[in-house]
Amino acid sequence: MADKDLSEFLRDFAAVAKASEQVERRDQSSTLSGVLSGHLGTSPSELAVVAEDVPAHRYADVDIAIEKIAAADPAHRLIGIGGGQMRWHMTLGDLLQMERFDRRMGVGQVEYVTIPVGPSEQRVTIGCGVHLITYAGSPVAIAQRRPNPKFGQPEALIEVLSPDREAIGALLDEVRALSLHDSVIRGQVVGLEPSDQCDAPSYTFLQRPELTEQDVILPDATMQAVTAHVLGIGEQADQLRKHGQHLKRGVLLHGAPGTGKTHTVRYLMSKARDHTVIVMSGPALAKIRDATTMARAMQPAIVVLEDCDLIAQSRDIMAGQPKPLLFELLDAMDGLDGDADITFVLTTNRVDDLEAALAQRPGRVDLAVEIPKPDKRARVALLRHYAAGTPFSDATIERMAGQTDGTTASFAKELVRRAVLLAVVHDEDPSDDHLERALGQLHSESQNTTRSLLGGADSATR
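Residues numbered from 1 in each chain as written. Predicted model: local features only at pLDDT ≥ 70, side-chain atom pairs only at ≥ 80, totals over all residues. Heavy atoms only, no water.

1. Digging into the nonpolar core
Item 1. Counting residues in hydrophobic clusters, the biggest one holds 54 residues, and the most contacted among them are Leu 171, Met 280, Ile 288, Val 303, Leu 305 and Phe 344.
Item 2. Counting residues per element, this core draws most heavily on helix H3 (residues 59-71), at eight residues.
Item 3. Core analysis: the second largest hydrophobic core is formed by 22 residues, Met 269, Val 304, Val 369 and Ile 371 among them. (Core = buried A, V, L, I, M, F, W, Y, C linked by side-chain atoms within 4.5 Å. Buried < 20%, exposed > 50% of the residue type's maximum accessible area, 1.4 Å probe, protein only. Helix = DSSP H or I, 4+ residues; strand = E, 2+ residues; numbered from the N terminus.)

2. Quick look at unusual backbone geometry
Item 1. Residues Gln 299 and Pro 300 are joined by a peptide bond in cis, for which omega reads 5 degrees.
Item 2. Mapping Pro 300 onto the fold places it in the loop between helix H9 (288-298) and strand E12 (301-306).
Item 3. Positioned with a positive phi, Asp 427 is a non-glycine residue whose angle comes to about 55 degrees.
Item 4. Tracing the chain through its elements places Asp 427 in the loop between helix H14 (409-425) and helix H15 (432-443).
Item 5. Given the relative accessible area of 73%, Asp 427 is considered exposed.

3. Topic: the environment of Val 345
Item 1. Following the sequence through the fold, Val 345 ends up in strand E13 (residues 342-348).
Item 2. Classification of Val 345 as buried rests on a relative accessible area of 2%.
Item 3. Each C-alpha atom of the pair Val 345 and Ile 302 lies 7.1 Å from the other, and the pair is 43 residues apart in sequence.
Item 4. When near neighbours in sequence (up to four residues on either side) are disregarded, Val 345 contacts Val 230, Val 251, Leu 253, Val 265, Ile 302, Val 303, Val 304 and Leu 305. (Contact = heavy atoms within 4.5 Å.)

4. Quick word on the side chain of Arg 208
Item 1. With respect to the helices, strands and loops of the structure, Arg 208 is situated in the loop between strand E9 (202-206) and helix H6 (220-235).
Item 2. An unpaired buried charge is present at Arg 208: no salt bridge exists, and Glu 210, the closest side chain of opposite charge, is 6.8 Å distant.
Item 3. For Arg 208, the side chain forms a polar contact with the main-chain oxygen of Met 269, separated by 2.8 Å.
Item 4. Setting aside residues no more than four positions away along its own chain, Arg 208 makes contact with Gly 187, Gln 188, Val 189, Met 269, Ser 270, Ala 272, Arg 273, His 275 and Val 277. (Lys, Arg positive; Asp, Glu negative; His and termini not counted. Salt bridge = Lys/Arg side-chain N within 4 Å of Asp/Glu carboxyl O. Polar contact = N/O pair within 3.5 Å; in protein donor to acceptor, adjacent residues only side chain to side chain.)

5. Comments concerning empty space enclosed by the protein
Item 1. In the structure shown here, the tally under the stated rule is two cavities of 30 Å³ or more.
Item 2. A volume near 40 Å³ is recorded for the largest cavity.
Item 3. What lines the largest cavity is Pro 374, Arg 379, Leu 382, Leu 383, Thr 404, Thr 407, Thr 408, Phe 411, Ala 412 and Leu 415.
Item 4. Taken together, the residues that form the lining of the largest cavity break down as six nonpolar, three polar and one charged. (1 Å grid on protein atoms, 1.4 Å probe; cavity = no way out; pocket = protein on both sides within 12 Å on 5 of 7 lines; lining within 4 Å. Points joined across faces, edges and corners; volume = space filled by probe spheres on them. Nonpolar A, V, L, I, M, F, W, Y, C, P; charged D, E, K, R; others polar.)

6. Re the layout of surface pockets
Item 1. Approximately 540 Å³ is the volume attributed to the largest pocket.
Item 2. Broken down by secondary-structure element, the contributors of at least two residues to the lining of the largest pocket are helix H8 (261-271), helix H12 (376-386) and H14.

7. Re the packing of helix H13 (residues 394-402) against H15
Item 1. At a minimum axis distance of 10 Å, the contact between H13 and H15 shows a crossing angle of 10 degrees. The angle between H13 and H15 falls in the class roughly parallel. For the pair H13 and H15, the contacting residues are Thr 396, Ile 397, Arg 399 and Met 400 in the first and Asp 432, Leu 435, Glu 436 and Leu 439 in the second.
Item 2. Counted by class, the contact of H13 with H15 contains four nonpolar, one polar and three charged residues. (Axes fitted to C-alpha atoms, helices over the stretch in contact; angles between N-to-C directions. Parallel < 35°, antiparallel > 145°, perpendicular 65-115°, else oblique.)

8. Quick word on the pattern of salt bridges
Side chains that differ in sign of charge can pair as their charged atoms come close.
Item 1. Within this structure, the stated rule accounts for 17 salt bridges.
Item 2. Two residues, Asp 61 and Arg 58, come together in a salt bridge whose shortest N-O distance is 2.6 Å.
Item 3. Residue classification places Asp 61 among the buried positions, given a relative accessible area of 1%.
Item 4. Ionic pairing is found between Glu 414 and Arg 417, a salt bridge with its closest N-O pair at 2.9 Å. In this pair, Glu 414 and Arg 417 both sit in helix H14, three residues apart, roughly one turn of the helix.
Item 5. For Arg 417, a relative accessible area of 46% gives the class partly exposed.
Item 6. Among the ionic contacts, a cluster of salt bridges with common partners joins Glu 52, Asp 173 and Arg 176.

9. Remarks on the pairing of strand E2 (residues 77-81)
Item 1. With three bridges connecting them, E2 and strand E5 (residues 121-135) associate as antiparallel partners. Across the sheet, the residue bridging to Ile 79 is Val 130, located in E5.
Item 2. One ladder, built from two bridges, connects E2 with strand E3 (residues 107-108); its direction is antiparallel. Looking at E3, one finds that Gly 80 is bridged to Gly 108. (Pairing = 2+ DSSP bridges.)

Below you can see the structure in the form of structure tokens.
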């Protein structure tokens, strides 16, 4: 080869090599490992990934905590992870390895997802993304992925990379502390429900009731006993702890259907505005340990378990359950620390069924209160309460109360509703006549089942 040809070849080869180097550099800037290497100052394959699972109900808390930490670094960046659905089946380490063979696994768009953080409030959180920040003087990468039960991921995943292991530990400690302190669940009313897609329960935020003492018509002694035990003990928390006394308590509200057990619970919720309230019923009662864990983290807390008689002997709600679910509940209560400011409020329509089971686990429930059927004075008060804004006379209300002995608060509420409905149907203003006709309907033989469902007395006992 002539010297001229060799010179031209070497020049062309150098140009090709330089172009190849530029392409490789551009490719590295679009790969996850390349971006992480540039930020961390070393190949991410040489670093251990520290991973931490986050329960679904705490993901918004963690997202808020990481956002606050990242905001402290003015130079922080946020990148996405490519790979489509595959990224839900792999750890960060797996993704970095797979990227060598499939460039689709590189940097992608940041995914966002909206999740509830209150009864009528939503938060846009990071569904899948990686924060690149400097923390405690060290470069750190924080990957976060939301729960995705559809792909078998019931919990969120946080993964942290850094050449400084101490920085990782300090960062995760701060995330835990901030997420607990600023939790969106703290002070809320939450309904816990079983999930169809995974073992972890789902939850919904419920509106906190707005009730006053005038909205709850019970004997004074009954209301005082319940309020003092549920709320009063917490008000003396410091003194009780000082003297070595436990704070956790269990209250059983029992009585016939329709007497106002749920209404009483709603009143307690409205009064305990600084408490986190967790409400469970039916199949959700099988998730009592999840509820207890949440309550322990968010105390002061109230855990409401409605219709507990349904699980007094049941082993059916949780497959393979070796003992009644009520015992699981009582054991979970017993496992709490003595200074945990947590109240368990149980309701039942059939106290006899529940009492035998409770006797086998003594000490967990330390107050049982009957919510009785209203006497005449209470029935008058109930009718006046539900008839507020209608022109029913006091004399007629007194007479109706006298003719509804043995009925419940639910019966009084339905009586007023039917009277107003009769008036509306006939395009008339509600009157005493409508109230009397409504009572006649409810007392008729054809309404025996309806009357029973409302907690009304049998016609034979009137």
